[in-house]
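Residue-level listing of the chains:
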Amino acid sequence: MSKLVTIYGGSGFVGRYIARRMAKAGWRVRVAVRRPNEAIFVKPYGVVGQVEPVLCNIRDDASVAEVMRGADAVINCVGLLAENGKNTFESVQADGASRVARIAAQQGVAKMVHISAIGADAEAGSDYARTKAEGEAGVLEHMPQAVILRPSIVFGPEDTFFNRFAGMTRLGPVLPVVGADTKFQPVYVEDVARAAEAAVTRADVAGVYELGGPDVETFRALMGQMLAVVRRRRLVLNIPFGIARIVAFFAELGQTLSLGIVKAPITADQVKNLRHDNVVSDGARGLADLGIDPVAMESVLPDYLWRFRPSGQYDAIKESAKNLRA
């Protein structure tokens, strides 16, 4: 019988790519999510019955243990960009990750992979970065042999980075950003999935790996690349951190007063994170150590950002027509 892997958060942006790769590698895949009815799309990743979404709340011991039962490996992809109700950074990224590792140790699971993030730091002022580090510590406490993957910003068709800012280009001539000079090293989601597969299937992979793509760019430069792809001219306006903190305060207040109906476009914690570069550390092991040649942004962004062009899929046809008339 083929081996079984339980992927917590396996229907999320990164998780779904890992689920697909593990299925193609012949594993049975249990996709543990809060809303399995919304994760039916993972089932065609394998043959009938190979990939199954199952109900799980990472904040609950019994729930985590039940979906892990019989698994040969577990992969934790659960994380937050912003807190929402009971899903706080502490409960999900710190306690949740530790819970998965503790129960994996109790059940004798052979392999665990934990998706963390570059910038995880127990001393960080950001709750996001601090709880990422606490989650890593909890994982290693219970599963010392676990592999921890720390990606930079992850890009791909379902990302919430390039898609979000490309959507904002439709709203006006100005594109506001916070931390225009902060550096990032975006990594392709498929490369992160390949790294996770290697961490599960290869005996020589152990420890911490920081995952970044081939390009290190400032936030402003990344927006320039995105604008070139969507064929729009916009003024990239840097919002000073002091003003961004004020904007975030009122944005979060509005979210609270609206009972979450109006989502804050930026939070104070995100402003803190944007003060720090998000790139692979000097001397850190990365994709090359896993035998993975990272994919460049320029070869992927046009494949999914074309819909934000002025004429969408017809933009290239219109340009071609202009050349014919000339």
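Structure shown above.
Being a predicted model, the structure only gives us computed values, none of them experimental.

What counts, and where the lines are drawn
Residues numbered from 1 in each chain as written. Predicted model: local features only at pLDDT ≥ 70, side-chain atom pairs only at ≥ 80, totals over all residues. Heavy atoms only, no water. Helix = DSSP H or I, 4+ residues; strand = E, 2+ residues; numbered from the N terminus. Buried < 20%, exposed > 50% of the residue type's maximum accessible area, 1.4 Å probe, protein only. Contact = heavy atoms within 4.5 Å. Phe/Tyr/Trp six-rings, centres within 6.5 Å; stacked < 30°, edge-to-face > 60°. Lys NZ or Arg CZ within 6 Å of the ring centre and 35° of its normal. Patch = residues over 30% accessible without salt bridge, like charges linked within 9 Å, V, L, I, M, F, W, Y side chains within 5 Å. Areas by Shrake-Rupley, 256 points an atom, 1.4 Å probe, with all protein chains shown as cover. Salt bridge = Lys/Arg side-chain N within 4 Å of Asp/Glu carboxyl O. Disulfide = S-S within 2.5 Å. Pairing = 2+ DSSP bridges. Right-handed = clockwise from strand over helix to strand, strands pointing away. Axes fitted to C-alpha atoms, helices over the stretch in contact; angles between N-to-C directions.

## What to know about the environment of V74
Thinking step 1. Looking at the secondary structure, you find V74 in strand β4 (residues 73-76).
Thinking step 2. Classification of V74 as buried rests on a relative accessible area of 1%.
Thinking step 3. Those residues within four positions of V74 in sequence are excluded, and the remaining contacts are V5, T6, Y8, M68, V100, A104, V109, K111, M112 and V113.

## Some remarks on the packing of aromatic side chains
Thinking step 1. The full count for this structure, using the stated rule, is 11 aromatic pairs.
Thinking step 2. Ring geometry for F13 and Y17: centres 6.2 Å apart, planes at 90°, overall edge-to-face. Taken together, the positions of F13 and Y17, both in helix α1 (residues 13-24) and four residues apart, correspond to about one turn of that helix.
Thinking step 3. Judged by centre distance (5.6 Å) and plane angle (35°), the rings of F161 and F219 are tilted. Taken together, the residues F161 in the loop between β7 (154-155) and α5 (162-168) and F219 in helix α7 (residues 219-230) connect sequence positions 58 residues apart.
Thinking step 4. Classification of F161 by relative accessible area gives buried; the value is 11%.
Thinking step 5. For F219, a relative accessible area of 3% gives the class buried.
Thinking step 6. Clustering of aromatic rings is evident, with ring pairs tying together F155, F161, F162, F165, F184, Y188 and F219.
Thinking step 7. In this structure, R20 packs its charged tip against the face of Y17, placed 5.2 Å from the ring centre.

## A look at a nonpolar patch on the surface
Thinking step 1. A grouping of I246, F249, F250, L253 and L257 is seen on the molecular surface, where their side chains present a nonpolar patch of about 550 Å² in accessible area.
Thinking step 2. Mapped onto the secondary structure, F250 falls in helix α8 (residues 241-257).
Thinking step 3. For F250, a relative accessible area of 52% corresponds to the exposed category.

## A short note on the state of the cysteines
Thinking step 1. The tally for this structure, following the rule as stated, stands at zero disulfides.
Thinking step 2. The thiol of C56 is not disulfide-bonded; the next cysteine sulfur, from C77, is found 12 Å away.
Thinking step 3. Classification of C56 as buried rests on a relative accessible area of 5%.

## What about the pattern of salt bridges?
Thinking step 1. Considering all chains together, one arrives at 13 salt bridges under this definition.
Thinking step 2. Between R69 and E66 there is a salt bridge, with its nearest N and O atoms 3.5 Å apart.
Thinking step 3. The exposure class of R69 is partly exposed, given its relative accessible area of 46%.
Thinking step 4. Its relative accessible area of 49% is what places E66 among the partly exposed residues.
Thinking step 5. For E136, the salt bridge is made with R150, and the minimal N-O distance between the two is 2.7 Å. Of this pair, E136 sits in helix α4 (residues 127-142) while R150 is found in strand β6 (residues 147-151), placing the two residues 14 residues apart along the sequence.

## Focus on the pairing of strand β1 (residues 4-8)
Regular strands have side chains that alternate between both faces of the sheet.
Thinking step 1. Of all five residues making up β1, five are buried, and the element is well covered by its neighbours.
Thinking step 2. Going residue by residue along β1, you find L4, T6 and Y8 tucked away on one face and V5 and I7 tucked away on the opposite face as well.
Thinking step 3. Here β1 pairs with strand β2 (residues 28-33) via five bridges, running parallel. Its bridge partner being in β2, Y8 is matched across the sheet by A32.
Thinking step 4. Following the backbone out of β1, through α1 and into the adjacent parallel β2, one traces a crossover that is right-handed.

## Observations concerning the environment of K183
Thinking step 1. You can see K183 is positioned in strand β9 (residues 183-184).
Thinking step 2. In this structure, the C-alpha to C-alpha distance between K183 and A137, residues 46 residues apart in sequence, is 26 Å.
Thinking step 3. Among all residues touching K183, those that are not within four sequence positions of it are V216, E217, T218, D277, N278 and V279.

## Here's the deal with the environment of D293
Thinking step 1. Summarising the element assignment, D293 is placed in the loop between α9 (268-273) and α10 (301-305).
Thinking step 2. Between the C-alpha atom of D293 and that of A73, which follows or precedes it by 220 residues, the distance is 25 Å.
Thinking step 3. The contact partners of D293, leaving out residues within four places of it in the chain, are D191 and R194.

## Description of the sheet that holds β2
Thinking step 1. Strand order in the open sheet formed by seven strands is β3-β2-β1-β4-β5-β6-β11, and the pairing between neighbours is parallel. The open sheet terminates on both sides in strands that have one partner only, identified here as β3 (51-55) and β11 (207-211). When the angles between neighbouring strand axes are averaged without regard to direction, this sheet yields 20°.
Thinking step 2. In this structure, strand β5 (residues 111-115) lies alongside β6, joined through three bridges in parallel fashion. Looking at β6, one finds that I115 is bridged to L149.
Thinking step 3. Along the sheet, helix α3 (residues 89-107) contacts β1, β4 and β5; its crossing angle with β5, the most-contacted strand, is approximately 175°.
Thinking step 4. Its contacts with the sheet place α4 against β5 and β6, and it is angled at close to 175° to β5.

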